[in-house]
Structure formats: structure tokens, C-alpha cells
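As a plain string of letters, each chain reads:
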Amino acid sequence: MLRKKMMTLALCITLLASVLTACGGGNNDKGQSGSNGEGTTDSFNSTDNPYKDPMTITLGFWDADAEIANIEKDPIAKQVLEKFKITLKPVNMTWDDYTQKIQMWAASGQLPDIFAIDAVGTQYQRKWVEQGVVKALPELSKYPNLAKYFESPDIKGLGVDGKYYTVPRRMFPSVDWSALDRMVFYRWDLAQKVGITKEPETWEEFEAMLDAIVKADPEGKRITGLTTTTTKMLGGFFWLYGNPVATSDGSGSDFKWIKEDGKFIPAVFSKNALPALQNMKNMYEKGLIDPDIALVKPAESYDNFVAGKAAALLSGGGYINLNGDMYEKRWKTAYPDKDMTESVKALKPLIGPDGERSHAIFKTYWSESYFSNKVDDKKMDRIMALYDYVLSTEGKDLLTYGIEGVDYKIENGQKVVIEKGSLNEKYPASRFLKNLVAYETSDSYNMDNPTIANESIRQDAVDYIDWIQNNTKVPEYDIRLTYMSTPTKDKFTVLDHDDLLKIMLSKEPVESYWNNILNDYKAKGLDKMIEEVNAKAKEQGIE
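Conventions adopted
- Residues numbered from 1 in each chain as written.
- Predicted model: local features only at pLDDT ≥ 70, side-chain atom pairs only at ≥ 80, totals over all residues.
- Heavy atoms only, no water.
- Core = buried A, V, L, I, M, F, W, Y, C linked by side-chain atoms within 4.5 Å.
- Buried < 20%, exposed > 50% of the residue type's maximum accessible area, 1.4 Å probe, protein only.
- Helix = DSSP H or I, 4+ residues; strand = E, 2+ residues; numbered from the N terminus.
- Contact = heavy atoms within 4.5 Å.
- Pairing = 2+ DSSP bridges.
- Axes fitted to C-alpha atoms, helices over the stretch in contact; angles between N-to-C directions.
- Phe/Tyr/Trp six-rings, centres within 6.5 Å; stacked < 30°, edge-to-face > 60°.
- Salt bridge = Lys/Arg side-chain N within 4 Å of Asp/Glu carboxyl O.
- Parallel < 35°, antiparallel > 145°, perpendicular 65-115°, else oblique.
- Nonpolar A, V, L, I, M, F, W, Y, C, P; charged D, E, K, R; others polar.

(A) Focus on the nonpolar core. L88, W128 and Y319 are the most contacted members of the largest nonpolar core, which totals 99 residues. Looking at this core element by element, the count peaks at nine residues for helix 16 (residues 377-391). Residue contacts for W128: discarding those within four places in its chain leaves I102, A106, F115, I117, A119, V133 and V134. Counting residues in hydrophobic clusters, the runner-up holds 64 residues, among them W257, A276, L500 and L526.

(B) Representation of the sheet that holds strand 10 (residues 344-346) within the structure. Across the sheet, four strands lie side by side as 6-9-5-10; this open sheet has mixed pairing. Pairing within the sheet leaves two strands with one partner each, and these edge strands are strand 6 (224-228) and strand 10. Within the sheet, the average angular offset between the axes of one strand and its neighbour, ignoring direction, is 20°. Pairing geometry for strand 5 (residues 183-187) and strand 9 (residues 310-315), over four bridges, is antiparallel.

(C) Here's a closer look at the packing of aromatic side chains. By the definition in use, this model includes 33 aromatic pairs. Ring geometry for F269 against W514: centres 6.2 Å apart, planes inclined by 25°, an arrangement best described as stacked. Taken together, the positions of F269 in the loop between strand 8 (263-266) and helix 12 (273-285) and W514 in helix 23 (residues 510-523) put the pair 245 residues apart, joining distant regions of the chain. Just as F269 is buried, W514 falls in that class too. Geometrically, the ring pair formed by F492 and Y521 is tilted, given 5.9 Å between the ring centres and 35° between the ring planes. Taken together, the residues span a long stretch of sequence, with F492 in the loop between helix 21 (479-483) and helix 22 (496-505) and Y521 in helix 23 at a distance of 29 residues. Looking at F492, the relative accessible area reads 5%, which means it is buried.

(D) Region of the structure containing the sheet that holds strand 4 (residues 167-170). Taken together, five strands build an open sheet; the order of strands is 2-1-3-11-4 and the sheet is mixed. The sheet is open, and its two edges are formed by strand 2 (86-93) and strand 4, each paired on a single side. The average angle at which neighbouring strand axes cross in this sheet is 25°, direction not considered. Across eight bridges, strand 1 (residues 55-62) lies against strand 2 in parallel orientation.

(E) Quick look at the pattern of salt bridges. Enumeration over the complete set of coordinates arrives at 33 salt bridges. Among the ionic pairs, E201 bridges to K198, the shortest N-O distance being 3.5 Å. On the basis of relative accessible area, E201 is assigned to the partly exposed category, the value being 33%. On the accessibility criterion, K198 (43% relative accessible area) is partly exposed. One network of salt bridges, in which partners are shared, links K198, E201, E205 and R357.

(F) Region of interest: the pairing of strand 7 (residues 257-260). One ladder, built from four bridges, connects strand 7 with strand 8; its direction is antiparallel. Bridge assignment links E260 to a residue of strand 8, and that residue is K263. Between strand 7 and strand 8, which pair antiparallel in sequence order, lie two residues; one of them, D261, sits at a positive phi of approximately 55°.

(G) Main features of the packing of helix 16 against helix 19 (residues 430-437). Contact geometry for helix 16 and helix 19: axes closest at 9 Å, N-to-C directions at 110°. With respect to each other, helix 16 and helix 19 are oriented roughly perpendicular. Along its contact with helix 16, which presents Y387, V390 and L391, the element helix 19 presents L433, K434, L436 and V437. By residue class, the composition of the contact of helix 16 with helix 19 is six nonpolar, no polar and one charged.

So, in C-alpha cells, the structure goes:
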């Protein structure tokens, strides 16, 4: 019995050593790390490992309970956290309540050690910094991958008096990629059943397709038209009807400015707003938008779309979420013999009244990590080390491609996928650990990257972003005005998705209701803010 136990122990040690060797990357990867100037993890192999003492870190993240519970099922996520002797303790928040919860925690001194929110430019984010509610990042030279991350211009510009108070989650290399974060998918199989033969390219063709599906109800499920995973995304689609610069990420503080009639104004208040609002209202009154859209929940919306109870779905996360939330969690179980890419299509940006194909426009990052002021320097160092590792070549490869020799191999300097199944299912917490630091989703739009496991969906994803970059253009605006600080602007928010929803559901004519909304914004200082921004822009030579 003793001999058997010893042999088992020896085998376990051998396997563990082989996994750790594989995870550390081959010689090729080490060379790449060196050429990029990125840090190595030699210190973890030494007896002076500074992170040898266990540490618990509380984390406020969307659906943190479920995400952190998955770590136990994920050998890679466990390995990364074990490297730093970190145990994550969830502090749950949802997509519906995260803003309110975090503001309440901040006011009552109960912030978790790390929390995630989209707060850059908001009044409360400025107060957190001024009042010392959030902790400043330490000198980044000790964390070379993190320091390099902050060299990106729109991230470098987030410093306050020479210090950084957040780590933003970068998503894309340019705003063109924002097209992926507000996408409409539609049931092409149902459209074909009711006689539609051409994929829509104009708003009129899109409406005609929805109208045909809703009226025919081909599967007898009382199908509705367009729904969404959250009403925060409404502006990301309906402003594209001739007023695309007004698209917002829903934070209330990212509104962009355009020059109209000789002065800068927020694009959401452009003269192009009213036609876009009227177009949306017409669709709602024709029954082409889910009548219960104000009550939508993400999981329910995905369920309804896959079940054929909604003809189209406005969602975020592009093809990565299409693959994860719709295909892997729902479609392949509901329709095991049905190719999803034959049944579900992505709506290409529609030709608007201005003759342009426009897509949503956001910053190159979305949401940020903040750190409670109660985090001491030792814990902050541990957190920064974890973030630095996730951004390293070694960390990114491990969390993206899996284990070398098991999930992928290196041939002629290129990664070749071995594992043909879904890495999301095999390693259910690795994506969460990667997203904790940065989304970096653009890398996934590559046929050699296994993040989108279904190869047909991956091919659609690659084709879609190629099409976007070749067939659309980003309208002119100056991001410096979005970041500009003035006394009134610092307190001003534009929650356009709430305004759109109210107009959609109101029985008042669009124009009169919109004028009421405008008057409310004027009462909150809209005209004064415009004066301040134009004066400061002139001082700074912004034309």
C-alpha cells in the first residue's frame, strides 16, 4: 500500500512539473518576452518569492459569485492565483445594480479591495480621487507589463497630478473596433421562412424583414421584433440613424462633441437627434421592437432569441459573446444539428439617411479597476503583480491558448491549436481572470486564436471586422473635448439610453417629449457647459 502511495505521489509530482514547464512557455516564448521587454517570473522559482504568504483579496465584479466559483474547476486559473498565493473572495454585483452598489459602498466605507465600474469622467469618480476613497497605483516601473500598458495614449491621459487611480480595461486598438461592441444579430433562418431572400442593408429593409417575421410568426411562438440584453445599449444602435457620434457606452460621461452652427455641442443634442428618435419611435409603434424591452434581463434575452421568440437581438461583446453566451450555452443544446452561422446573421451597419454606413463609437477601453483606499501597500503590490502577470506574454498565452503541449503546440514559430473543444468550457474561469485586467478582445478575431472555439463563428467574426474596416468610416470628433474638465461639465451626465427609452414608451409626440428632455438638461446647466467648453477649447486652440 505504501509503495502504491509513493508511486502515485511520484507520478503527481512528475505531472505537475510537466504542466508548470508547459505553462511557462517554450524557449520560443521566452525569447519573445525578452524582445518585448516584458518581465519574467524567475522570482517565483526562487526561495525569496515575495508572494509566498497567502492573501485574501475581495473583488467586486459582475456576477463575481459564479465567476469565482468556476476557479475550482479551472486548473489554469487556480495555477495563476496559486503563483501569487491569492484567494479571491467575491462581492457580488449585477449588470443592473453595479453603479448604485459601488456608490453606496464608497459612501459607507465598504468598498471591496478591487472593484470594477465604468466611471472615468464621472462626478463620483473625481470625488473618489479628491477625497482619497480610491488608492493611487504605485510606481509602475516594478511592473514592466503594466507600465507598458499605460503607454497607450488614451490610457496615459488618465493621470491625475502625476498619479493613476485606475487600470482601464482596454478592448480594441482603434475606435473602428467599437463596431463589435454594439451588434445586432438576427434570425436569418426565420426571415427565409417568411420569404425574405436578401440580407438587409438599409433601415427600410431591416424594418421590412422584422415586420415580415413578426406578422407571419413562422414557429407560432408569438415572436417579437428587436430586443436587447440591456437598455443601456439602445443608443448604440438607434443613434446610428444619421447621428452616430451620439453613441454612448452608457456611463453618462463619455458623450462626444461635434461642431454645429459654429460651436461645439454634445452630439446627442445635434439637430440630427430628432430624425433618429423619430425613426426609433416609428419602429416601436409598428411593433418591430419588443414591447417589454424596458424589463429585459441578459439571460432572458439570450434565451428568447435562441428560442425563436425574438427576431433580432442587440447585444455587446461581439462574436465572443455570440460564441459563449448564445452558441455554447444555448444554441448547440437546442439545435445540435443546426449550424448557427447558417441561421443567425450579424447586421452590417445599415445605410442611413446621410448615405453613410455608421457603427457605434466608444473609447478603446471599457470599464476600469479601482482599488479601495483601505488596501495596504503589501496587498496593493500583490494585486499589481497579478495584473502585471496577466498582461505579460506568458500570462496572456496561458489564459488565451491554454497549456502548451496540451492545448496548443509551436510549429515554425506559430501557435497551432491541438485542443478542438471549447477552452471556455475546459477552463471556465480563465476568461474571467483575463477580463479582470483587460478585455483585449481584438486578438480573438484571428483564425489561429481559439477563444471563439466554433470555427464557423470565428470565420464570420474575422470576416465581419475585415468588412467593417474596409466599408465604414468614423465621423470626425475630438476626443479631447470628451476628456475636458470644466466646472459644469464635471457634474454633467447624459444618460441618453434612459431618454431614448422614455421617448419610445411615451404616448407624447416625439418632438414635444424631446423638447421636454432638452429643457431638463438646460435646467441642469447644458448651455453653461457648452459655453465653458467652447471657451476652453478656444484657449487650447481646438478648432
